[in-house]
Amino acid sequence: MSDASGPSGPPAGGRGAGVPVADGVTRVAGVRVGHWTDLEARTGCTVLLWPDGGAVTSGLVLGAAPGGRETSLLDPERTVESSHALLLTG
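Read on for a plain summary of the structure. Bear in mind that the values here come from a model prediction, so they are computed numbers and not experimental data.

## Brief notes about the overall build of the chain
When its secondary structure is counted, the chain shows zero helices and five strands. For the chain, the N- to C-terminal ordering of α and β elements is β-β-β-β-β. In the chain, which comprises 90 residues, the proportion classed as buried is 19%. Here the contacts in the chain between residues at least 6 apart in sequence split such that 45% fall between residues at least 24 apart.

## Points about the sheet that holds strand β5 (residues 85–89)
As summarised here, the arrangement of the three strands in space is β1-β2-β5, forming an open sheet in which the pairing is antiparallel. Whereas interior strands pair on both sides, the edge strands pair on one side only; in this sheet they are β1 (32–38) and β5. Neighbouring strand axes in the sheet, compared pairwise and without regard to direction, differ in orientation by 10 degrees on average. Direction of pairing for strand β2 (residues 43–49) relative to β5: antiparallel, over a ladder of five bridges. Following the sheet pairing, L49 is matched in β5 by A85.

## Observations regarding unusual backbone geometry
Backbone geometry at R42 places phi at a positive 55 degrees, although glycine is not the residue there. Within the fold, R42 resides in the loop between β1 and β2.

## Quick notes on the environment of S82
Looking at where S82 falls in the secondary structure, it is placed in strand β4 (residues 80–83). On the accessibility criterion, S82 (36% relative accessible area) is partly exposed. Measuring from C-alpha to C-alpha, the distance between S82 and G53 comes to 7.8 Å, with 29 residues separating the pair along the chain. Non-local contacts of S82, meaning those with residues more than four positions away in its chain, are made with G53, G54 and A55. Polar contacts involving the side chain of S82 include one to the main-chain carbonyl oxygen of G53, which spans 3.3 Å.

## Examining the environment of A55
Its location among the elements puts A55 in strand β3 (residues 55–57). Along the sequence, A55 and H84 sit 29 residues apart, while their C-alpha atoms lie 6.6 Å from each other.

## A word on the side chain of T57
Position of T57 among the secondary structure elements: in strand β3. On the basis of relative accessibility, which here comes to 11%, the residue T57 falls in the buried class. A polar atom in the side chain of T57 sits 3.1 Å from the backbone oxygen of A55. Within the local environment of T57, its side chain forms a polar contact with the side chain of S83, the two groups lying 2.3 Å apart.

The rules we used
Residues numbered from 1 in each chain as written. Predicted model: local features only at pLDDT ≥ 70, side-chain atom pairs only at ≥ 80, totals over all residues. Heavy atoms only, no water. Helix = DSSP H or I, 4+ residues; strand = E, 2+ residues; numbered from the N terminus. Buried < 20%, exposed > 50% of the residue type's maximum accessible area, 1.4 Å probe, protein only. Contact = heavy atoms within 4.5 Å. Pairing = 2+ DSSP bridges. Axes fitted to C-alpha atoms, helices over the stretch in contact; angles between N-to-C directions. Polar contact = N/O pair within 3.5 Å; in protein donor to acceptor, adjacent residues only side chain to side chain.

Okay, here's the thing in structure tokens:
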């Protein structure tokens with residue numbers, strides 16, 4: 001995980017070792033980011049953890065066939081009062 005002090009990659013020696021983590025979102029105080037990549041399976045996941053107490057969350061999903069679950073709860077017109085994390089997979 002990384003926090004506002006700077007990004008870090010996956011655990012040393014793991015399949016995703018050496019994969020850089022973008023530092024843009026970690027500039028927000030208290031936001032932590034974790035990422036794992038399985039190069040053999042060509043998949044991975046990224047999790048963004050919000051500061052204690054959560055955060056107001058909203059999102060817009062575009063595309064003809066988005067493969068999302070619970071994404072309708074993130075519609076900008078249905079702002080979730082508080083979430084604790086966001087998980088992206090693929």
